[in-house]
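# Chains, contacts and geometry: an overview
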Amino acid sequence: MQPRKIADDIYWVGVNDRESELFEGLWPIKEYGVSINSYVLLDEKNVIIDLSSELMSDRYIEMLKQIVDLKKVDYVVLNHMEPDHTGAVLDLLRIAPDVIFLGTAKARDIAANFYDIRENFQVVEDGEELKIGKRTLRFYSIPFVHWPETMATYVVEDQILMPCDAFGGFGALPGVNFDDQCEDLSFMENEAARYFINIVGTHSANAKKAIEKLTPVPLKIVAPSHGLVWRENPGRIVELYRKLSSYPDGKREKAVTLIYGSMYGNTRIFAESVMQAVADQGLPVEVFDVNNNHASYILTSLWHNEGVIICAPTYEGSLFPTVTHVLNLAKIKKIQSRTAAYFGSYAWGSVAKKQVETYAAEQKWNLLENYQFYGRPKAADLDLLPAFAKKFADAVRAAE
Ligand code: FEO
């Protein structure tokens, strides 16, 4: 890829990562990739805003050199210290050892501990401005979007916001950088939602605060460090983030996420019967076999939907392990206060039911049904479903 001009003397310089299987070692990106965006401002002082990962360092530095002589870079703004944006820093320092880093006090600590950067680090305060020539940079502290040190950089004269992870998304750039050039914005928005939930979700209350802080500022362009640069309609990505950050304590979709795991098909039979019964009540149901769907996508569904139905057997004195894995991640992501139900097969041990009850209490899930059946579901078990589905659908619709 080649650098792209964002505005006069402001350039996008970035890389698509299509090689990594997982982002953060957890979240699948092999299929759709992810972009890591960095920006260069040429002025009396030359500035780079955020870097790239160590894995992509060679190609990133080569691209940077097309825009700026690295020995003439004055400042490197480190909005966020996670290594997808800082991994290239040691390679950069080998070429440009005198650059001055700008970041929050917390970023300075992280820079020292991750990269042994102890010199030339200038701490900037929330709201502080830095004149770099004809342009002014203003820094906004936005902690926990998505680490505690995070800030956003605003180019005052051009009204361009560079907020790093905030307003970012998965999905490699499809040959174009801007929202108005992208043929499939809904795909990029879906990947932005998955990114938000997988990466920022735990800290969504902080994301909400960041949006409230940043959006009174005039925004002509939102240029995050993952995904598209939004110049035609920056409000579109802001609104998506606003909506996503409102799900934990606002109205969720009147729909159901049904997660099932099954060893020999007994629980699957029940799961499909539950699916039909709930659908008969007019509620959309998204169904995930945990063994064929990555947790990344299941969490994305859980985030949006009010209803959760877990179908999983007892396995070796525990709830089925792959379902437990998804529920543990949902706990980390603070997916709380849902309308829920559990069904599962058991043989000689029936521990899962108790574990689900404990989990639901911790997560403030309203567990409307907690039901186990011995072995294969019988007609008497399945006959319970229409009444359950009616009760469940009514509760999902009534939930605030
Ligand atoms: Fe894109 Fe939190 O790093």
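A quick note: this is a predicted structure, and the numbers were derived from the prediction, not measured.

## Looking at the pairing of strand S12 (residues 151–155)
Burial runs high along S12: 5 of the 5 residues are buried. Here S12 shows a buried face lined by Met151, Thr153 and Val155 and a second buried face lined by Ala152 and Tyr154. As paired elements, S12 and strand S13 (residues 160–162) share 3 bridges and run antiparallel to each other. Within S13, the position partnered with Val155 by the bridge is Ile160.

## Side note on unusual backbone geometry
Looking along the chain, the bond that leaves Val145 and enters His146 is cis, with omega of 20 degrees. As for its position among the elements, His146 is in the loop between strand S11 (136–141) and S12. A positive phi angle, close to 50 degrees, is found at Glu316, a residue other than glycine. You can see Glu316 is positioned in the loop between strand S18 (314–315) and strand S19 (318–319).

## Looking at the packing of helix H6 (residues 204–214) against helix H7 (residues 234–246)
Viewed as axis vectors pointing N to C, H6 and H7 meet at an angle of 140 degrees, and their least axial separation amounts to 9 Å. Considering the angle they form, H6 stands oblique to H7. Here H6 runs over H7; the crossing is left-handed. From H6, Ser204, Ala207, Lys208 and Ile211 reach across to H7, where they touch Val238, Tyr241, Arg242, Ser245 and Ser246. Looking at side-chain class alone, the contact of H6 with H7 contains 4 nonpolar, 3 polar and 2 charged residues.

## Here's the deal with the pattern of salt bridges
Overall, the coordinates contain 22 salt bridges when judged by the stated rule. Of the charged contacts in the structure, one is a salt bridge between Lys208 and Asp249, with a shortest N-O distance of 3.1 Å. A residue pair is termed long-range when its members are at least 10 positions apart, and Lys208 in helix H6 and Asp249 in the loop between H7 and strand S15 (253–260) qualify at 41 residues. The partly exposed category is assigned to Lys208, whose relative accessible area is 27%. For Asp249, a relative accessible area of 60% corresponds to the exposed category. Two residues, Glu253 and Lys243, come together in a salt bridge whose shortest N-O distance is 4.0 Å. Of this pair, Glu253 sits in strand S15 while Lys243 sits in helix H7; the two residues are 10 residues apart in sequence, bridging distant segments of the chain.

## Section: the domain arrangement of the protein
Parsing the protein into structural domains produces domain 1 (4–248) and domain 2 (254–398). Taking the mean C-alpha position of each, domain 1 and domain 2 sit 38 Å from one another. Between domain 1 and domain 2, a total of about 1300 Å² is buried, with carbon and sulfur atoms accounting for 63% of that surface. Counting across the interface, domain 1 meets domain 2 through 6 residue pairs in polar contact (both at pLDDT 80 or more). Put simply, the parts of the chain that give the side of domain 1 that touches domain 2 at least two residues each are strand S4 (27–28) and helix H5 (185–200). Here the side of domain 1 that touches domain 2 gets 5 residues from one element, more than from any other, and that element is H5. Of the residues contributing to the side of domain 1 that touches domain 2, the split by class is 11 nonpolar, 4 polar and 1 charged.

## A few points about empty space enclosed by the protein
For the structure shown, the criterion picks out 2 cavities of 30 Å³ or more. Lining the largest cavity are Phe167, Gly168, Gly169, Phe170, Met188, Ala192, His226, Gly227, Leu228, Trp230 and Ile237. For the lining of the largest cavity, the per-class residue count stands at 7 nonpolar, 4 polar and no charged. One number sums up the size of the second largest cavity: a volume of about 40 Å³. Every residue lining the second largest cavity is listed: Val145, Ala166, Phe167, Ala207, Ala210, Ile211, Leu214 and Tyr241. It is H6 that provides the largest number of residues to the lining of the second largest cavity, a total of 4 residues. The residue inventory of the lining of the second largest cavity, partitioned by class, reads 8 nonpolar, no polar and no charged.

## Focus on the sheet that holds S11
Spatially, S10-S11-S12-S13-S14 is the arrangement adopted by the 5 strands of the open sheet, whose pairing is mixed. A strand with exactly one partner marks an edge of an open sheet, and here the two such strands are strand S10 (129–131) and strand S14 (221–222). Where S11 meets S12, 5 bridges bridge the pair, whose relative direction is antiparallel. Bridge pairing in S12 places Phe139 opposite Thr153.

## Observations concerning a nonpolar patch on the surface
On the surface, Met263, Tyr264 and Tyr315 cluster together into a nonpolar patch covering about 370 Å² of accessible area. By secondary structure assignment, the location of Tyr264 is in the loop between S15 and helix H8 (266–280).

## Quick look at helix H10 (residues 321–332)
For H10, built from 12 residues, the straight-helix expectation of 16 Å at 1.5 Å per residue is met to within 8% by its first-to-last C-alpha distance of 16 Å. Where H10 is concerned, the buried positions are Val323, Val326, Leu327, Leu329 and Ala330. Buried residues of H10, seen end-on, are gathered within an arc of 160 degrees and therefore sit on one face of the element. The secondary structure elements touched by the buried residues of H10 are S4, S15, helix H9 (295–304), strand S17 (305–311), S19 and helix H11 (351–362). With its phi angle positive at about 60 degrees, Lys334 sits one or two positions after the end of H10.

Rules of the game
Residues numbered from 1 in each chain as written. Predicted model: local features only at pLDDT ≥ 70, side-chain atom pairs only at ≥ 80, totals over all residues. Heavy atoms only, no water. Buried < 20%, exposed > 50% of the residue type's maximum accessible area, 1.4 Å probe, protein only. Helix = DSSP H or I, 4+ residues; strand = E, 2+ residues; numbered from the N terminus. Pairing = 2+ DSSP bridges. Axes fitted to C-alpha atoms, helices over the stretch in contact; angles between N-to-C directions. Parallel < 35°, antiparallel > 145°, perpendicular 65-115°, else oblique. Left-handed = near helix turned anticlockwise from the far one by under 90°. Contact = heavy atoms within 4.5 Å. Nonpolar A, V, L, I, M, F, W, Y, C, P; charged D, E, K, R; others polar. Salt bridge = Lys/Arg side-chain N within 4 Å of Asp/Glu carboxyl O. Domains from an automatic or database assignment. Buried area = accessible area lost by both parts, 1.4 Å probe. Polar contact = N/O pair within 3.5 Å; in protein donor to acceptor, adjacent residues only side chain to side chain. 1 Å grid on protein atoms, 1.4 Å probe; cavity = no way out; pocket = protein on both sides within 12 Å on 5 of 7 lines; lining within 4 Å. Points joined across faces, edges and corners; volume = space filled by probe spheres on them. Patch = residues over 30% accessible without salt bridge, like charges linked within 9 Å, V, L, I, M, F, W, Y side chains within 5 Å. Areas by Shrake-Rupley, 256 points an atom, 1.4 Å probe, with all protein chains shown as cover. Expected span 1.5 Å × (residues − 1). Arc of directions from axis to C-beta.

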